[in-house]
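One-letter residues, chain by chain:
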Amino acid sequence: MTRNFFFKNMKRIEDFTVIQHHWLNENTFLIELKSSGQLPVILPGNFAQIQINNTPGVFLRRPFSIYNADYKNNTLTFYIKIVGKGSRELGLLKPGDITSIIYPLGNTFSLPDKDKVLIVGGGFGIAPFLLLGKSFREHQKKTTFLIGGRSKQDIMLASTFKKYGDVLITTEDGSLGEKGLVTDHSVFNNNNFGYDMIYTCGPDPMMKAVANIARNKNIPCEASLENMMACGFGACLCCVVETTSGNKCVCTEGPVFNINDLAW
Amino acid sequence: MVDLKIKIQDLEFKNPVTTASGTFAYGEEFSDFLDLNRLGGFFIKGLTLENREGNPYPRMAETASGMLNSVGLQNKGIDHFISHIYPRIKDYDTHIIANINGSTIEDYITVTEKLNDLEKIPAIELNISCPNVKEGGMAFGIRKKSAVEVTEAVRKACKKILIVKLTPNITDIAEMARVVEGAGADSISLVNTFLGMAIDAETRKPLLSTVTGGLSGPCIKPIALRMVWDVFKAVKVPVIGMGGIMNAADAIEFILAGSTAIQIGTANFIDPQVSLKIIDGIEDYLIRHKVKAVTDLTGAMEI
């Protein structure tokens, strides 16, 4: 593995203008927002802290993985499911509305030494993986995305990911792809597994299960965590995860961790 | 030209705006966002003698107009600060004030003595008000006897300006301020967070691993402001006010209630540039109200 194959950017706080929503179903959307200036380089895994305006009960910013960055139009896109007041308000924004974003935050994934990578995303855990898939294509890696959800309504961006690699799907109800959890997928049962590195993001129990598989197969694995945070840039120390060398901030020392460094 | 300078005893600050311990890390984390040299000063994350891992996750819960935290003084200890962090931050042209904590009076004294040699730290904030540790912290600050003992002991050991940070989780904060002043405090800062809690009704589980935590943000501002006013009337030493300050108008309120300087806390998490906006806003206020010096506003509420 080569660590930090990208350089680090300065963090910034900036007003963004809403360009458009692209609704995937009644509670899931992509939102594209435009910077007034030139976007800095966004690394796969980076996230942003978005200010939620005019919403009683919402005090803090909300962290979201950066789903896509368009350097020509200087826009960022986020993949959002409505789960509470903050995400609901982002869905209600209108084109032209302005909101403040702190970005780019967090670290990035490692580039694998070898060629075949498996990316495992559960539900909204696929959000950081479009940029990773794009980067792997530039580096001539062979990428397979394994996307899991409860049912086919949760698997909405498979066609987008297909541009950057093979796509495998599991749903718990069997409505699309193989039936079961992502870790039940037949790709893991193959004696000739063939992947050189695994990347995962999603609910904690899913990532821990993927990490176990990676350990058993002796394959390097990185997980992108989503702990609750107040600031996003290392000041509040609220988002810590227990590692083999003490508590570390998910916002600055993550969100991407090698599973061997986590106390899982 | 308006005069923003203030003094805590003999120590002059370029303006009354500082940032609160535990919300500003060691300053560096904010250097991408703002010019730290413009601040009156910043209070660094609480230091302890030994490395502390703090409390288990989850340590934070959002509340109406505020947040609860139970970080629990996570830091790598005073020696790590002196050898690794201090050299990186010491040359900022602003006052760096060390917030110190301990489980015992001896811990407080040792940390104080180690800080005495650091030239670029002109003041110590004695934290007897952290609600998130089992020993020390607020345990010292809720009883007059222990508050006096630790203040006197640190006063003896401390060659710098000594600021004592009070907890609001007591009945009579003015009386506490008076006895701490009597024990040798050069200045009183208040308030630390209010002890609170939150429960997830659906799961019946507490939202913090420690069940209780410290409440901060605009929800505490009216109580903090009243306490600053109470303390201002009770002591002669300068008061440093904080508690939910989000903008320049809030800061002016704290100054009018008796603060010589103010600390910006939780607001730093939402807008890392807010401290500079507050400096500019205070300056605008002085011009607009034809007040020559910010010190003319301290305690100048008109009843």
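A few points on the structure. Here the structure is a predicted model, which means the values were calculated and not measured. (Residues numbered from 1 in each chain as written. Chains lettered and ligands numbered in written order. Predicted model: local features only at pLDDT ≥ 70, side-chain atom pairs only at ≥ 80, totals over all residues. Heavy atoms only, no water.)

Scanning chain B from terminus to terminus reveals 9 helices and 16 strands. The globule rule puts the C-alpha radius of gyration for 303 residues at 19 Å, and the 18 Å found for chain B is close to it. The principal-axis extents of the C-alpha atoms in chain B amount to approximately 55 × 50 × 40 Å. For chain B, buried positions account for 62% of its 303 residues. Sequence separation of at least 24 residues holds for 71% of the intrachain contacts in chain B that already meet a minimum separation of 6. Accessible surface, chain B as shown: approximately 12000 Å² in total, 52% of it carbon and sulfur. Counting 32 positive and 37 negative side-chain charges, chain B places the centres of these two groups 2 Å from one another. (Helix = DSSP H or I, 4+ residues; strand = E, 2+ residues; numbered from the N terminus. Rg over C-alpha atoms; globule rule 2.2 N^0.38 Å. Buried < 20%, exposed > 50% of the residue type's maximum accessible area, 1.4 Å probe, protein only. Contact = heavy atoms within 4.5 Å. Areas by Shrake-Rupley, 256 points an atom, 1.4 Å probe, with all protein chains shown as cover. Lys, Arg positive; Asp, Glu negative; His and termini not counted. Charge placed at Lys NZ, Arg CZ, Asp CG, Glu CD.)

Okay, helix 2 (residues 129–138) of chain A next. Residue and element names in this part refer to chain A. With respect to burial, helix 2 is a largely interior element, 7 of its 10 residues being buried. Taken together, the buried positions of helix 2 are Phe129, Leu130, Leu131, Leu132, Gly133, Ser135 and Phe136. Where helix 2 is buried, its residues contact strand 5 (68–70), strand 8 (116–122), strand 9 (142–149), helix 3 (158–161) and strand 12 (197–201). Where helix 2 ends, the next residue or the one after it, glutamine 140, has phi of about 55 degrees, a positive value.

Attention shifts here to the side chain of Gln49(A). Residues and elements named next belong to chain A. Summarising the element assignment, glutamine 49 is placed in strand 3 (residues 47–50). Judged by its relative accessible area of 0%, glutamine 49 falls in the buried class. At a separation of 3.3 Å, a polar atom in the side chain of glutamine 49 contacts the main-chain carbonyl oxygen of alanine 230. Filtering out sequence-adjacent residues up to four positions away, glutamine 49 remains in contact with Arg61, Arg62, Pro63, Ser100, Ile101, Ile102, Leu105, Met229, Ala230, Cys231 and Gly232. (Polar contact = N/O pair within 3.5 Å; in protein donor to acceptor, adjacent residues only side chain to side chain.)

Attention shifts here to a nonpolar patch on the surface. Together, Met197(B), Ile199(B) and Val211(B) make up an exposed nonpolar region whose accessible area comes to about 270 Å². Residue placement: Val211(B) occurs in the loop between strand 13 (205–206) and strand 14 (212–216). (Patch = residues over 30% accessible without salt bridge, like charges linked within 9 Å, V, L, I, M, F, W, Y side chains within 5 Å. Salt bridge = Lys/Arg side-chain N within 4 Å of Asp/Glu carboxyl O.)

In this section: the packing of helix 5 (residues 173–182) of chain B against helix 6 (residues 221–234) of chain B. Each pair of packed helices can be summarised by the angle the axes make with each other and by the distance between the axes. All names here are of chain B. Relative orientation of the contacting elements helix 5 and helix 6 amounts to 45 degrees, with a least axis distance of 8 Å. The pairing of helix 5 with helix 6 is recorded here as oblique in orientation. The handedness of the crossing between helix 5 and helix 6 is right-handed. Residue-level contacts link Ile173, Ala174, Ala177, Arg178 and Glu181 of helix 5 to Met227, Asp230, Val231 and Ala234 of helix 6. Of the residues contributing to the contact of helix 5 with helix 6, the split by class is 6 nonpolar, no polar and 3 charged. (Axes fitted to C-alpha atoms, helices over the stretch in contact; angles between N-to-C directions. Parallel < 35°, antiparallel > 145°, perpendicular 65-115°, else oblique. Left-handed = near helix turned anticlockwise from the far one by under 90°. Nonpolar A, V, L, I, M, F, W, Y, C, P; charged D, E, K, R; others polar.)

Residue and element names in this part refer to chain B. One way to put it is that helix 7 (residues 248–256) packs onto helix 9 (residues 274–288) with a least axis distance of 8 Å and a crossing angle of 65 degrees. The pairing of helix 7 with helix 9 is recorded here as roughly perpendicular in orientation. Note that helix 7 runs across helix 9; the crossing there is right-handed. Where helix 7 abuts helix 9, its residues Ala248, Ala251, Ile252, Ile255 and Leu256 lie against Ile278, Gly281, Ile282 and Tyr285. Taken together, the residues of the contact of helix 7 with helix 9 break down into 8 nonpolar, 1 polar and no charged.

Time to look at the sheet that holds strand 16 (residues 256–258) of chain A. By way of backbone hydrogen bonds, the strands of a sheet pair with one another, either parallel or antiparallel. Residues and elements named next belong to chain A. Strand order in this open sheet of 7 strands is 11-10-9-8-12-13-16, and the pairing throughout is mixed. For this open sheet the edge positions go to strand 11 (178–179) and strand 16, each flanked by a neighbour on one side alone. One ladder, built from 6 bridges, connects strand 9 with strand 10 (residues 166–171); its direction is parallel. Residue pairing across strands places isoleucine 147 opposite isoleucine 169, the latter belonging to strand 10. Docked against the sheet, helix 2 engages strand 8, strand 9 and strand 12, running at close to 170 degrees with respect to strand 8. The sheet contacts of helix 4 (residues 204–217) involve strand 8, strand 12 and strand 13 (221–224), and relative to strand 12 the element is tilted by about 170 degrees. (Pairing = 2+ DSSP bridges.)

If you look at the interface, chain B gives 33 residues, while chain A gives 27 residues. For the pair chain B and chain A, the two sides together bury roughly 2500 Å², of which 64% comes from carbon and sulfur. Inspection of the chain B/chain A interface yields 2 salt bridges. Here chain B is connected to chain A by 9 residue pairs in polar contact (both at pLDDT 80 or more). Partitioned by chemical class, the residues of the side of chain B that touches chain A number 13 nonpolar, 13 polar and 7 charged. (Buried area = accessible area lost by both parts, 1.4 Å probe.)

Moving on, we come to the environment of Gln263(B). All names here are of chain B. Among the structural elements, glutamine 263 can be located in strand 16 (residues 259–264). Distance in space between the C-alpha atoms of glutamine 263 and glycine 40 is 9.7 Å, their sequence separation being 223 residues. With sequence-adjacent residues up to four places away left out, glutamine 263 is seen in contact with Thr18, Thr19, Ala20, Ser21, Phe43, Glu125, Lys165, Ser189, Ile240, Gly241, Met242 and Ile245.

A few words now on the pairing of strand 10 (residues 187–190) of chain B. All names here are of chain B. Across the two faces of strand 10 the burial is the same, with Ser187 and Ser189 and Ile188 and Leu190 all buried. Both strand 9 (residues 161–165) and strand 10 contribute to a ladder of 3 bridges, which runs parallel. Note on strand 10: the bridge partner recorded for isoleucine 163 is serine 187. A crossover links strand 9 with its parallel partner strand 10, the connecting element being helix 5, and its sense is right-handed. Taken together, the 3 bridges between strand 10 and strand 15 (residues 239–241) define a ladder with parallel strand orientation. From the neighbouring strand, leucine 190 faces strand 15, where its bridge partner is glycine 241. (Right-handed = clockwise from strand over helix to strand, strands pointing away.)

Residue and element names in this part refer to chain A. Scanning the model with the defined rule gives 20 aromatic pairs over all chains in all. A ring pair is formed by phenylalanine 193 and tyrosine 195, whose centres lie 5.1 Å apart and whose planes are at 65 degrees; its orientation type is edge-to-face. Given a relative accessible area of 9%, phenylalanine 193 falls into the buried group. Relative accessible area serves as the criterion here: at 11%, tyrosine 195 is assigned to the buried category. The structure contains a cluster of three or more aromatic residues connected by ring pairs, namely Tyr67, Tyr79, Phe124, Phe145 and Phe161. Looking at lysine 116, its charged tip hangs above the ring of tyrosine 195, at a distance of 4.8 Å from the centre. Stacked on the ring of phenylalanine 193, the Lys or Arg lysine 217 has its end atom at 4.8 Å from the ring centre. (Phe/Tyr/Trp six-rings, centres within 6.5 Å; stacked < 30°, edge-to-face > 60°. Lys NZ or Arg CZ within 6 Å of the ring centre and 35° of its normal.)

Between Gly254(A) and Pro255(A) the backbone carries a cis peptide bond, its omega angle lying at 10 degrees. If you trace the backbone, Pro255(A) turns up in the loop between strand 15 (246–249) and strand 16. In this chain, Leu190(B) is followed by Val191(B) through a cis amide linkage whose omega measures 5 degrees. Although it is not a glycine, Ser65(B) adopts a positive phi angle of roughly 55 degrees. Positionally, Ser65(B) belongs in the loop between strand 5 (60–63) and strand 6 (66–69).

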